[in-house]
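Fold and geometry: a report
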Amino acid sequence: MDEENEIELLQRYRRDRRVLIDFILSGSLIKKVVMPPGAVSLDDVDLDQVSVDYVLNCAKKGDMLELSEAIRDYHDGTCFPTVNSAGSSDEFFLVTNPESSGSPPRRAPPPVSVGIPTTIFSSLSASEPMEREQVDESASFSKSQSLKSAQVNELTVDDIDDFEDDFLHEDESRRYSRRVLNDASDVVLELPSFATGVTDDDLRETAYEVLLAAAGASGGLIVPSKEKKKEKKSGLMKKLGRTKSESVVMQSQNSHGLVRLLETMRVQMEISEEMDIRTRRALLSGMVGKVGKRMDTLLIPLELLCCISRTEFSDKKSYIKWQKRQLNMLEEGLVNHPVVGFGESGRKASELRVLLAKIEESESLPSGTGDLQRTDCLRSLRDIAIPLAERPARGDLTGEICHWADGYHLNVRLYEKLLLSVFDVLDEGKLTEEVEEMLELFKSTWRILGITETIHYTCYAWVLFRQFIITGEQDILQHAIYQLKRIPLKEQRGPQERLHLKSLTCSIQSEKGFQELTFLQSFLLPIKKWADTRLSDYHLHFSEGSKTMENGLVVAMVARRLLLEEPELAMQAAPLTDTEQIEKYVSSSIKHAFARIIEDVETLVDSTNEHPLALLAEETRKFLKKDTTMHLPILTQRHPNAGAVLASLIHKLYGIKLKPFLDSAEHLTEDVVSVFPAADSLEQNLISVITSTCEEGSADSYLKKLNLYKIEIVSGTLVLRWVNSQLARISAWVERVIQQENWAPVSAQQRHGSSIVEVYRIVEETVDQFFALKVPMRPGELSSLFRGIDNAFQVYTRHVLDCLADKEDIIPPVPPLTRYRKESGIKAFVKKELTDSRLPDVRKSTDVNVLTTPTLCVQLNTLFYAISQLNILEDSISGRWTKKYHAHSTKRPTEDNLRNSIQKDSFDGSRKDINAAIDQICEFAGTKTIFWDLREVFIDGLYKPSVHQSRLETLIDPLDVVLNQLCDLIVEPLRDRVVTGLLQASLDGLIRVILDGGPSRLFTPADAKLLEEDLEVLKEFFISGGDGLPRGVVENQVARIRQIIKLQSYESRELIEDLKSASEMEMQGGMGRLGADAKTLIRILCHRSDSEASQFLKKQYKIPKSAS
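Below: a short report on this structure.

Cut-offs used in this document
- Residues numbered from 1 in each chain as written.
- Predicted model: local features only at pLDDT ≥ 70, side-chain atom pairs only at ≥ 80, totals over all residues.
- Heavy atoms only, no water.
- Core = buried A, V, L, I, M, F, W, Y, C linked by side-chain atoms within 4.5 Å.
- Buried < 20%, exposed > 50% of the residue type's maximum accessible area, 1.4 Å probe, protein only.
- Contact = heavy atoms within 4.5 Å.
- Helix = DSSP H or I, 4+ residues; strand = E, 2+ residues; numbered from the N terminus.
- Arc of directions from axis to C-beta.
- Polar contact = N/O pair within 3.5 Å; in protein donor to acceptor, adjacent residues only side chain to side chain.
- Axes fitted to C-alpha atoms, helices over the stretch in contact; angles between N-to-C directions.
- Parallel < 35°, antiparallel > 145°, perpendicular 65-115°, else oblique.
- Disulfide = S-S within 2.5 Å.
- Phe/Tyr/Trp six-rings, centres within 6.5 Å; stacked < 30°, edge-to-face > 60°.
- Salt bridge = Lys/Arg side-chain N within 4 Å of Asp/Glu carboxyl O.
- Pairing = 2+ DSSP bridges.
- Expected span 1.5 Å × (residues − 1).

Brief notes about the nonpolar core
In terms of nonpolar packing, the biggest core is built from 283 residues, with Phe 442, Phe 519, Tyr 654, Leu 658, Phe 676 and Ile 789 touching the most fellow members. The contact partners of Ile 789, leaving out residues within four places of it in the chain, are Leu 727, Val 763, Val 767, Leu 873, Ile 877 and Phe 907. Formed by 15 residues, the second largest nonpolar core is a distinct cluster that contains Ile 24, Leu 42, Cys 58 and Ile 71.

Next up, the structure:
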């Protein structure tokens, strides 16, 4: 029960803690909140892992809150116990499990003097628990101590000093570093190794000794007293008590200037206080009796060997190790790698090696004998070493003499160790606060080590650069770049320095054998090699951000510029320019990246249904988009056309993979439809990159070099094959549906036939499938589709017209011309152009297949539906093509050109045929109504036996019935056209009755008025008080019959006279006085019931008399 309460309480605390942090972060207490990497909002952050103390501290100070730091502070707090500034000395913190740590020490602790000790509370670091290895107590503690005693004793600073000297210094930087360090073993200086096996620790300790000698030359070397030493905290306490932002060494209030700086250097270089004091005393002793001589002119290892005895070390092993280091330094500095040759002193160099060996051998001899041999050897060593060290050398660069560390690569190794001390031991990615003071102090060693300004900037740039490799800290790389840029070019160096640098060479063994390298090559070639390696695959190594790549590119270019001035590289024929080098980076990295994309695609193919080439194109397009935003802006700063180089190479690499597929494509398969659009889209993107990133005028040269995929040509051929097969399918479908059509309206609202609906359905399906093909197309494929659909509608229209009967079958033949029967006749003889041998039509309706009026109306409605939907279809195809054309065309046309190309491919042929068919059916419907349906009352019965006995008014009702039927069945837009057809047929029938009414119809001049009245009745019927045809249309149609009716009002004599003149005028291409042709006048005279007309026709034209 208590357990459940505790859990519930813990959950409540955690919930309240989250609410508190969320309130602080969401309010105005924090100036700015920086999200950790990967987080967009507070919802993405686990507030349980945010340090409340860190947040409150930022709120109090008004600082910006970095949540990543707050999270790290929280985790550090779980590993590192809280540090108190007060408390009881009996508080402690166990870092091990008491049950598995074994028995406690059995020896009593040493007595502690009564004083004011510095207390260590329960704040020892628990970042690395002590390992459970069995460690020899004598090796771990220089003084016999016990962790358990009968009384509680406080641990003093002096006690901790003993820990520091013996084993803590080896692991301090590792123990307290919070960084995950990178491996930098592949980035090493191109310098020969030391024959004596000098280690990094040896170089570090010797470098510190050189620094002390240089400081002593300026009078800043003092030996701290024992009391002062005890007042200071140990190095361990200082590291435990300081934060990341504090100085490495907590200086006392009385330490100032060079003394404070040297103490900082001692801790930074991990030199024990005992070794520091021994070295200071020895250097000061070495100056005794050397009046007027500077400390930096001493032969430092020799002086230290002479002035430091074995008794100053706590054990013999430490002394032997120290002595071995000094002897190795003498050998390396004076014998193995000197800049100045020995000449006649070569024998002395051999003697020096012998003496060094004897000094080392003396430690194995009995005490008295060994001391005597060592003393004699040191005396002899001084006699030999001093002349070797003081050979004439570089003049004003390093003083008047050449010192012990004249070996070039040993000098720079020592200086490198000095420069390495500028980094914070608690955070290797940060420089110490005293870095500027340190660098100024290091200048004092230039005289000893032969360092010049160029050498300093080069060494410092190298140290910073390698530290960046280890830590990955961009600020360090920025500082390294700054130092690289400060390295003087050849023309900026003085003549003495140029000669000096020219003399600094070394021979190293490489894959190509032994190679001679200059100083700058030794330091800069590893840097350039690192930069070249990563820039040769910058997509892999600089994928995290553009800033890192930009820095890497600057490093490569600066190092390259400096190395090109070196003699070996300068002598090479036609070295690469900067732009050529950038192209080399781009080419190499793109090839590596493309190979990785192919590997990724091969992995993805198994889990997707896409074709590998389509997937490769899509992944490459994504890669291109990312590359143009991340890496390309950096490259274009140094190569304006880098984008074109990049895009051209990607185009080539993908083209190699695509070509076999293009060559094998024969039909529009699923693979083709998948690959072609992806490949074409990639090519368009690549071309867009070239045109948008190149300098003005240079894009064309890159585009001309491209071996375009020509997907439009290949896909166009395949699309044409597909279009032709689909058009054949449409034609077959048209034939089928037209045969099944019964010309019944689809519905009361849709008064067209069902066949046109089916035709449009198959056409629209084909169009949808056409545009669903995402493959690239040219205008030719659209033209083929347009022509095919246009032809399909023309075929459909012809089939509709084939259903109509022949017009000649429904119009009765014109009866032969005869004259008035009362005249004495002569034998009938009629000229060919005025007579017709056909007999009057006697065929029955059953003999001729004449469509009914409703059927004709449905056909008209169907054709109208076809042409109206044709406009919609045309607009749809044009709009979709415009969108598709813009999406797939590299060279976008202007709007006018695009509109013209579409208009050229419109359905003009089918539109023209359909309109003509509508006119033909309207005409046929009118003709059928007058000459077939109303033949008896109109053609056969009107004006028989005379005009006044059979007027036109009797036909109005039958016409009205027909007209109402047409208007009920026909669609609104076609009504005027159908009614106009009926009007024309009515007028044709009226003319037929008047001019070719046969022998049973006779007219007199008095009938003209009645005929005029009948014409007005017919005209008003079709105008229908404004509800029918427009008056102007009707008037235009009626005008042609008015002239005929007007001729009826003339006397026969006038008509005969006009006929005579008309006959003469026709021969000259004119007409008679009355405005009528001869044929019309003859027909009017044939229907005159008077002897004068009959006699004229008989005499002049031999027209026979009528039979009735």
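Now that the structure is up, let's keep going.
A closer look at unusual backbone geometry
Of note, the bond from Lys 944 into Pro 945 is cis; its omega dihedral lies within 30 degrees of zero at -10°. Locating Pro 945 in the fold gives a position in the loop between helix 39 (935–940) and helix 40 (956–969). The backbone of Lys 710 shows a phi angle near 55°, a positive value even though the residue is not glycine. Inspection of the secondary structure puts Lys 710 in the loop between helix 31 (699–705) and helix 32 (711–740). Residues other than glycine seldom take positive phi values, yet Lys 1102 does so here, at roughly 55°. On the secondary structure map, Lys 1102 appears in the segment after helix 46 (1091–1101). Owing to a relative accessible area of 35%, Lys 1102 belongs among the partly exposed residues under this scheme.

Here's the deal with helix 2 (residues 52–61)
When helix 2 is considered as a whole, its buried residues turn out to be Val 52, Val 55 and Cys 58. The arc that holds every buried residue of helix 2, seen down its axis, measures 130°, which confines them to one face. Within helix 2, the exposed residues directed more than 90 degrees away from the buried face are Asp 53, Lys 60 and Lys 61. The opening residue of helix 2 is Ser 51, an N-cap whose side-chain oxygen sits 3.2 Å from the backbone nitrogen of Tyr 54. After helix 2 finishes, the residue Gly 62 shows a positive phi value of roughly 70°.

Focus: the packing of helix 33 (residues 754–772) against helix 34 (residues 779–802)
Following both chains from N to C, one finds helix 33 and helix 34 inclined at 175°, their axes separated by 12 Å at the closest point. By the criterion of interaxial angle, the relationship of helix 33 to helix 34 is roughly antiparallel. Across the interface between the two elements, Ser 755, Ile 756, Val 759, Tyr 760, Val 763, Thr 766, Val 767 and Phe 770 of helix 33 pack against Glu 781, Leu 782, Leu 785, Ile 789, Phe 793 and Tyr 796 of helix 34.

Side note on the state of the cysteines
Using the criterion set out here, one finds zero disulfides in the structure. With no disulfide of its own, Cys 967 has Cys 857 as its nearest cysteine by sulfur position, at a separation of 9.0 Å.

Overview of the packing of aromatic side chains
For the structure shown, the criterion picks out 17 aromatic pairs. Note on Phe 465 and Phe 468: the rings are 6.3 Å apart at their centroids and 45° apart in plane angle, and the pair reads as tilted. Linking Phe 465 with Phe 468, this pair stays in helix 19 (residues 453–471), spanning three residues, or about one helical turn. Under the relative-accessibility criterion, Phe 465 is labelled buried at 1%. For Phe 468, a relative accessible area of 6% translates into the label buried.

Observations regarding the pattern of salt bridges
Summed over the entire model, instances satisfying the criterion amount to 44 salt bridges. Residue Glu 758 pairs with Arg 761 through a salt bridge whose shortest N-O separation is 2.9 Å. Of this pair, Glu 758 and Arg 761 both sit in helix 33, three residues apart, roughly one helical turn. Salt bridges here are not isolated pairs; linked through shared partners, they connect Glu 1012, Glu 1016, Lys 1019, Glu 1035 and Arg 1042.

Focus: the pairing of strand 4 (residues 513–518)
Across six bridges, the pairing between strand 3 (residues 505–510) and strand 4 is antiparallel. Bridge pairing in strand 4 links Thr 505 to Thr 518. Remark: two residues form the turn of the hairpin made by strand 3 and strand 4, two consecutive strands paired antiparallel.

Here's the deal with the side chain of Asp 276
Of note, Asp 276 is situated in helix 11 (residues 273–286). In contact with Asp 276, other than residues within four places in its own chain, are Tyr 208, Leu 212, Arg 266 and Ile 271.

Concerning helix 19
The end-to-end C-alpha separation of helix 19 is 27 Å, in line with the 27 Å expected for 19 residues at 1.5 Å each. Among the 19 residues that make up helix 19, 17 are buried, leaving the element largely enclosed by the rest of the structure. Gly 472 sits one or two positions beyond helix 19 and adopts a positive phi of about 75°.

A few points about the environment of Glu 1054
Along the chain, Glu 1054 turns up in helix 44 (residues 1052–1067). Counting along the chain gives 20 residues from Glu 1054 to Leu 1074, while the straight-line C-alpha distance between them is 9.2 Å.

Examining the environment of Met 438
Turning to its location among the elements, Met 438 is positioned in helix 17 (residues 435–442). Among the residues examined, Met 438 registers a relative accessible area of 0% and is labelled buried. Between the C-alpha atom of Met 438 and that of Met 265, which follows or precedes it by 173 residues, the distance is 7.8 Å. Those residues in contact with Met 438 that sit more than four places away from it in its chain are Leu 261, Thr 264, Met 265, Gln 268, Ser 421, Val 422 and Thr 432.

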